[in-house]
Amino acid sequence: MTEKEKMLAGELYDPNEEELLLLRRKAHKLCREYNLLDETDENREKILAELIPNKKSGLTLQGPIQFDYGAFTSFGENCYANFNFTCIDCAPVTIGDNVFFGPNVSILTPIHPLRWQERNQFVRSDGVLTDSEYAKPITIGDNCWIAGDVTICGGVTIGEGSVIGAGSVVTRDIPSNVLAVGNPCRAIREITEKDTVLDM
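Just so it is clear, the structure is predicted and the values come from calculations on it, not from any experiment.

*Asks:* Run through the sheet that holds strand β14 (residues 138-140), naming residues and quoting values.
*Replies:* Ordered in space as β1-β4-β7-β14-β17, the 5 strands form an open sheet in which the pairing is parallel. Every interior strand has two partners, whereas the edge strands, β1 (54-55) and β17 (157-158), have only one.

Right under this line is the structure:
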C-alpha cells in the first residue's frame, strides 16, 4: 500500500511521504488564494472546484478556510460555513446536504499515538524528519447545524438533523435529531415540533 492508501484506510502512515506532501502543498496554496479574494469574486468558485472536487452545488465557504487536502472531503447540496472553517481531512470527511457551520469550526480527522515513544518525530533512513500518525473518518448527516467554535474529532458520526451547541468538542457519535452540547459533547434532548419558532 502507498502512504496515501494507508492514510485513507486508517492505518499508521508517514505524512511526509512525497505524494502526500505535494497534495497538501497544493491544497494549502488553493486555500491561500481563496482567502485573498473578495467574497463576490467569481474565481472563488473555480478554486473550490479544484480544491474540493467532491462537492455538490450551493456550497458557500465564507473564508478564511484551511483544508489539509480538500480532495478527501465531500459536501452535499447547499452547505454553508462561516469564518475560519478548518478541515484536516487525512481521512474521509463526508458532509450531507444543508449542513451549516458557525465561525471557527474545526473538523479534525488525525489521531496521534498517546505514548510519546510512538508519537515523537524520528529521522527516516533517507534523512527526512517525520512521524507516524493515523486518522479516522468523520460523517455529518443532512440538515445539521454546527454552531461556532465547535471541534469535531476523528471517528465521529453526527446524525441527520442534529444541532451541536457552541463551543462543544465532539469526541463520540451523536444520534439524529438531537441538541448536543458540551465538552465532551453529549445529547441533552430530542429536537421536536415544540422547538418551532415560525408561525405556521
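Here the narrative resumes.
*Asks:* How would you explain the sheet that holds strand β16 (residues 151-153) if you had to name every residue and give the values?
*Replies:* Spatially, β3-β6-β9-β16-β19 is the arrangement adopted by the 5 strands of the open sheet, whose pairing is parallel. In this open sheet, the two edge strands, each paired with only one partner strand, are β3 (65-67) and β19 (169-170). Both strand β9 (residues 106-108) and β16 contribute to a ladder of 3 bridges, which runs parallel. Each residue of the ladder has a partner; that of I107, found in β16, is I152.

*Asks:* A description of the nonpolar core should follow, citing residues and the corresponding values.
*Replies:* Counting 37 residues, the largest nonpolar core has F101, I107 and I140 as the members making the most contacts within it. Setting aside its immediate chain neighbours within four residues, I140 contacts T94, I95, G96, V99, F101, I107, I146, I152 and I158. Counting 9 residues, the second largest nonpolar core, distinct from the first, contains Y13, F72, I88 and A135.

*Asks:* Give me the lowdown on the pattern of salt bridges, citing residues and values where you can.
*Replies:* A full pass over the atoms with the stated rule returns 9 salt bridges. Between K6 and E3 there is a salt bridge, with its nearest N and O atoms 3.0 Å apart. On the criterion of helical spacing, the pair formed by K6 and E3 is a turn pair, its members being 3 residues apart in helix α1 (residues 3-8). By relative accessible area, K6 is classed as partly exposed at 24%.

*Asks:* Describe in detail the pairing of strand β6 (residues 85-88), supporting the description with residues and values.
*Replies:* Pairing geometry for β3 and β6, over 3 bridges, is parallel. Looking at the pairing, I65 lines up with F85 of β6. Pairing analysis gives 3 bridges linking β6 to β9, with the strands arranged parallel. If you follow I88 over to β9, its bridge partner there is L108.

*Asks:* Before we move on, could you go through the side chain of K55 and cite the residues and values that matter?
*Replies:* Within the fold, K55 resides in strand β1. Only 2.7 Å separates the side chain of K55 from the side chain of E45, close enough to count as a polar contact.

*Asks:* Kindly report on the side chain of D68, identifying the contributing residues and their values.
*Replies:* Along the chain, the position of D68 falls in the loop between β3 and β4 (73-75). R24 provides the closest opposite charge to the buried, salt-bridge-free D68, at an N-O distance of 4.5 Å. A distance of 3.0 Å separates polar atoms of two side chains, one belonging to D68 and the other to H28. Setting aside anything within four residues of it in sequence, one finds D68 in contact with L23, R24, A27, H28, C87, I88, D89 and C90.

About the cut-offs
- Residues numbered from 1 in each chain as written.
- Predicted model: local features only at pLDDT ≥ 70, side-chain atom pairs only at ≥ 80, totals over all residues.
- Heavy atoms only, no water.
- Pairing = 2+ DSSP bridges.
- Helix = DSSP H or I, 4+ residues; strand = E, 2+ residues; numbered from the N terminus.
- Core = buried A, V, L, I, M, F, W, Y, C linked by side-chain atoms within 4.5 Å.
- Buried < 20%, exposed > 50% of the residue type's maximum accessible area, 1.4 Å probe, protein only.
- Contact = heavy atoms within 4.5 Å.
- Salt bridge = Lys/Arg side-chain N within 4 Å of Asp/Glu carboxyl O.
- Polar contact = N/O pair within 3.5 Å; in protein donor to acceptor, adjacent residues only side chain to side chain.
- Lys, Arg positive; Asp, Glu negative; His and termini not counted.

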